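# Understanding the architecture of this molecule
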Amino acid sequence: MDGRKRSNIKIGLLVNIVLKEDQRTGNLTEGVVKNILTNSPNHPHGIKVRLETGEVGRVKEILEDPENC
């Protein structure tokens, strides 16, 4: 599912994000969404979220279907 659309992102969803320091390498960090930080409905680089671990990054992959949340 597309991590660039805010409507696809829900709190509690399992996602892969790219952290600011990993943008050059593309390393992904897996975690559960705690907060959605992007207010606009779409963002070309992915919706910015805070994970339950406190890490902040842009969603690259949604690992869990939002309908199952």
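A short tour of the structure in this document, coming up. Since the structure is predicted, the reported quantities are computational estimates derived from the model, not experimental observations.

## Observations regarding the overall build of the protein
A count of helical and extended segments in the protein gives zero helices and four strands. When the helices and strands of the protein are read in sequence order from the N terminus, they spell out β-β-β-β. Since a compact globule built from 69 residues should have a radius of gyration of about 11 Å, the 11 Å found for the protein is in line with a globular shape. When burial is assessed residue by residue, the protein has 35% of its 69 residues classed as buried. Residue pairs at least 24 apart in sequence account for 50% of intrachain contacts in the protein once pairs closer than 6 positions are excluded. Summed over all atoms, the accessible surface of the protein reaches about 4,300 Å², with 44% contributed by carbon and sulfur.

## Looking at the sheet that holds strand β3 (residues 48-51)
Pairing in this closed barrel of four strands is antiparallel, and the strands run β1-β2-β3-β4 around the ring. Ignoring strand direction, the axes of neighbouring strands in this sheet form an average angle of 70°. Bridge analysis of strand β1 (residues 14-19) against strand β2 (residues 29-36) gives four bridges, and the strand direction is antiparallel. Pairing of Val 15 across the sheet is with Gly 31, part of β2.

What counts and how
Residues numbered from 1 in each chain as written. Predicted model: local features only at pLDDT ≥ 70, side-chain atom pairs only at ≥ 80, totals over all residues. Heavy atoms only, no water. Helix = DSSP H or I, 4+ residues; strand = E, 2+ residues; numbered from the N terminus. Rg over C-alpha atoms; globule rule 2.2 N^0.38 Å. Buried < 20%, exposed > 50% of the residue type's maximum accessible area, 1.4 Å probe, protein only. Contact = heavy atoms within 4.5 Å. Areas by Shrake-Rupley, 256 points an atom, 1.4 Å probe, with all protein chains shown as cover. Pairing = 2+ DSSP bridges. Axes fitted to C-alpha atoms, helices over the stretch in contact; angles between N-to-C directions.

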